[in-house]
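Fold and geometry: a report
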Amino acid sequence: MPLESLKKLYPAANRSRYAIGQFNVNNLEFVQAAIEAATEAKAPIILAASTSAIKYAGIDYLMAMVRAGAAKAPVPVVLHLDHGATFEDARNCVDAGFTSVMIDGSHLPFDKNIELTARVVEYAHAHGVSVEGELGRLGGIEDEVSVDAKDAHLTDPAQAVEFARKTGVDALAVAVGTSHGAYKFKGEARLDFERISLIKKMTEMPLVLHGASGVPESLTQKIAKYGGRLPGAKGLPDDAYRKAVESGINKINIDTDLRLTFVAEVRQVLAENPQEIDPRKILGPARQAIKEIIKSKITLLGSAGRA
Ligand code: G3H
Ligand code: 13P
Ligand code: ZN
């Protein structure tokens, strides 16, 4: 199939309360793993490239790899810009053929975030490309000492309504207690599910959860067994995915879990086969393991069998 616009996939996810997985890709193995996982799980899938992934791989290589994979896949595949910072980031991706872009103005004052996001929406929509905006600052709830400070960084539901109306975004990324990377929570994992439900009720729009990796102990332990060190790493428990989706999340972003999987496999192969120099034998098992973890996430999000 040709690449699909995310705009077309959201209504069913929003209506039937499931989430589509966004998986970040940087190279051939990740692209293949994601598309094969979606094919086997019969699920729509979003492959995302951050601006640093684009810088690393080259936008033309990323486009060509994802297009080639999507052409063979019997499921909808979206290519999405993750955390575009400027209008030019978004425009370059639209022009290159991405079918969805995120413009992240969450660090800007509210009115400037609206201004930037609306400008991207105008350009992207004219080219049939969907847009995700972000409101609020990602960060753990327990990182803030006072209730006021917590409210200041989490997404404000009334502002979300105004933001959606004034920008025309197709989806909204919300700050509800998650953060990027492998160290999300110092103590217990805490997400503000009530806030998700309220934003959903008030905006009725597709909502996005960033920083949603699970950081399973099985992976951090395997990495440690083969010489890595990630003390204190912690992510979302499986139950949090289910609750987030029930509360109204329709897109869930995962990068760190794929990185952990990749590193665990590569470390194991190299540790157990010190004479191995064939890159295919080093990267092949990682590709297979990434495919398996993506399939398990797709099942958790409820998007298996939806394509
Ligand atoms: O949200 C951030 C993603 O994990 C992308 O990270 O900029 O290192 O590619 P990156
Ligand atoms: P993780 O770091 O939890 O995988 O989050 C990725 C993300 O939000 C990409 O936009
Ligand atoms: Zn993110």
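Bear in mind that the values here come from a model prediction, so they are computed numbers and not experimental data.

**Focus: the coordination of the zinc ion (ligand 3)**
Every protein donor of the zinc ion (ligand 3) is accounted for by His-83 (NE2), His-180 (NE2) and His-210 (ND1), and the metal-donor separations fall at 2.0 to 2.1 Å. If you list the donors of the zinc ion (ligand 3) from N- to C-terminus, the spacing comes out as H-x96-H-x29-H. Note that His-83 is positioned in strand E3 (residues 77–84) and His-210 in the loop between strand E7 (207–209) and helix H10 (217–225), a separation of 127 residues in sequence. His-210 matches His-83 in its accessibility class, with the two residues each being buried.

**Comments concerning the site of ligand 1**
As a matter of local geometry, ligand 1 sits amid Asn-24, Ser-50, Ser-52, Asp-82, His-83, His-180, Asp-255 and Arg-259. The protein chains hide 69% of the 300 Å² of surface that ligand 1 would expose on its own. Here the residues of the shell around ligand 1 are counted per class, giving no nonpolar, five polar and three charged.

**Description of the packing of helix H2 (residues 28–41) against helix H4 (residues 59–72)**
Describing two packed helices takes the angle between their axes plus the distance from one axis to the other. Two elements in contact, H2 and H4, have axes whose closest approach is 10 Å; the angle formed by their N-to-C orientations is 25°. Here H2 is positioned roughly parallel relative to H4, judged by the angle of their axes. Judged by the sense of rotation from one axis to the other, the crossing of H2 with H4 is right-handed. Of the residues in H4, those in contact with Leu-28, Val-31 and Ile-35 of H2 are Met-65, Val-66, Gly-69 and Ala-70. Broken down by class, the residue content of the contact of H2 with H4 amounts to six nonpolar, one polar and no charged.

**Thoughts on H10**
Taken as a whole, H10 has its buried residues at Leu-219, Thr-220 and Ile-223. Around the axis of H10, the buried residues are gathered within 95° of arc, so they sit on the same side. Among the exposed residues of H10, those pointing more than 90 degrees away from its buried face are Glu-217, Ser-218 and Lys-225. Against helix H12 (256–272) and helix H13 (279–301) lie the buried residues of H10. Remark: Gly-227 follows H10 within two positions and exhibits a positive phi of approximately 105°.

**A closer look at the pattern of salt bridges**
Taken as a whole and judged by the stated rule, the model has 16 salt bridges. Of the charged contacts, one joins Lys-166 and Glu-162 as a salt bridge, the two residues approaching to 2.8 Å between their closest N and O atoms. With Lys-166 and Glu-162 both in helix H8 (residues 157–167) and four residues apart, this pair spans about one turn of that helix. Members of the salt-bridge network, linked through shared partners, are Glu-36, Glu-40, Lys-291, Glu-292 and Lys-295.

**Points about the site of ligand 2**
Around ligand 2 there are 15 residues in total, and Asp-82, Lys-184, Ser-213, Asp-255 and Thr-256 lie nearest to it. One of the side-chain N or O atoms of Ser-213 is found 2.6 Å from an oxygen atom in ligand 2. Grouping the constituent residues of the shell around ligand 2 by class yields two nonpolar, 10 polar and three charged.

**Details of the packing of aromatic side chains**
Across all of its chains, the model carries two aromatic pairs by this definition. Arranged with centres 5.5 Å apart and planes meeting at 45°, the rings of Phe-30 and Phe-262 form a pair that is tilted. Residue Phe-30 is found in helix H2, and its partner Phe-262 is found in helix H12; the two are separated by 232 residues along the sequence. On the numbers, 5.8 Å between centres and 75° between planes, the contact of Phe-87 with Tyr-123 is edge-to-face. Here the residue Phe-87 occupies a position in helix H5 (residues 87–96), and Tyr-123 occupies one in helix H6 (residues 110–126), the gap between them amounting to 36 residues.

**Observations regarding the environment of Arg-190**
Tracing the chain through its elements places Arg-190 in the loop between strand E6 (171–174) and helix H9 (193–203). A relative accessible area of 41% places Arg-190 in the partly exposed class. C-alpha separation for the pair Arg-190 and Ala-240, spaced 50 residues apart in sequence, amounts to 8.9 Å. When neighbours within four sequence positions are excluded, Arg-190 is seen to be in contact with Ile-141, Glu-142, Val-176, Gly-177 and Phe-185.

**A few points about the environment of Asp-104**
Assignment of secondary structure puts Asp-104 in the loop between strand E4 (100–103) and H6. Residues Asp-104 and Glu-29, spaced 75 residues apart in sequence, show a C-alpha to C-alpha distance of 27 Å. Within polar-contact distance, the side chain of Asp-104 engages the side chain of His-83 at 2.8 Å.

**A closer look at unusual backbone geometry**
Positive phi, close to 55°, is recorded for His-83, a residue that is not glycine. One non-glycine residue, Glu-204, lies in the positive phi region at around 55°. The residue Glu-204 is located in the loop between H9 and E7 in this model. The exposure class assigned to Glu-204 is exposed, which follows from its relative accessible area of 64%.

**A few points about the pairing of strand E1 (residues 20–24)**
Buried residues dominate E1, accounting for five of its five residues. When E1 meets strand E8 (residues 249–254), the two strands line up parallel, connected through four bridges. Note on E8: the bridge partner recorded for Ile-20 is Lys-251. Both E1 and strand E2 (residues 45–50) contribute to a ladder of three bridges, which runs parallel. Within the sheet, the bridge partner assigned to Gln-22 lies in E2 and is Ile-46. With H2 bridging E1 and its parallel neighbour E2, the resulting β-α-β unit is right-handed.

About the thresholds
Residues numbered from 1 in each chain as written. Chains lettered and ligands numbered in written order. Predicted model: local features only at pLDDT ≥ 70, side-chain atom pairs only at ≥ 80, totals over all residues. Heavy atoms only, no water. Donors = N, O, S within 2.8 Å, 3.2 Å for Na, K, Ca; no water. Helix = DSSP H or I, 4+ residues; strand = E, 2+ residues; numbered from the N terminus. Buried < 20%, exposed > 50% of the residue type's maximum accessible area, 1.4 Å probe, protein only. Near = heavy atom within 4 Å. Areas by Shrake-Rupley, 256 points an atom, 1.4 Å probe, with all protein chains shown as cover. Nonpolar A, V, L, I, M, F, W, Y, C, P; charged D, E, K, R; others polar. Axes fitted to C-alpha atoms, helices over the stretch in contact; angles between N-to-C directions. Parallel < 35°, antiparallel > 145°, perpendicular 65-115°, else oblique. Left-handed = near helix turned anticlockwise from the far one by under 90°. Contact = heavy atoms within 4.5 Å. Arc of directions from axis to C-beta. Salt bridge = Lys/Arg side-chain N within 4 Å of Asp/Glu carboxyl O. Polar contact = N/O pair within 3.5 Å; in protein donor to acceptor, adjacent residues only side chain to side chain. Phe/Tyr/Trp six-rings, centres within 6.5 Å; stacked < 30°, edge-to-face > 60°. Pairing = 2+ DSSP bridges. Right-handed = clockwise from strand over helix to strand, strands pointing away.

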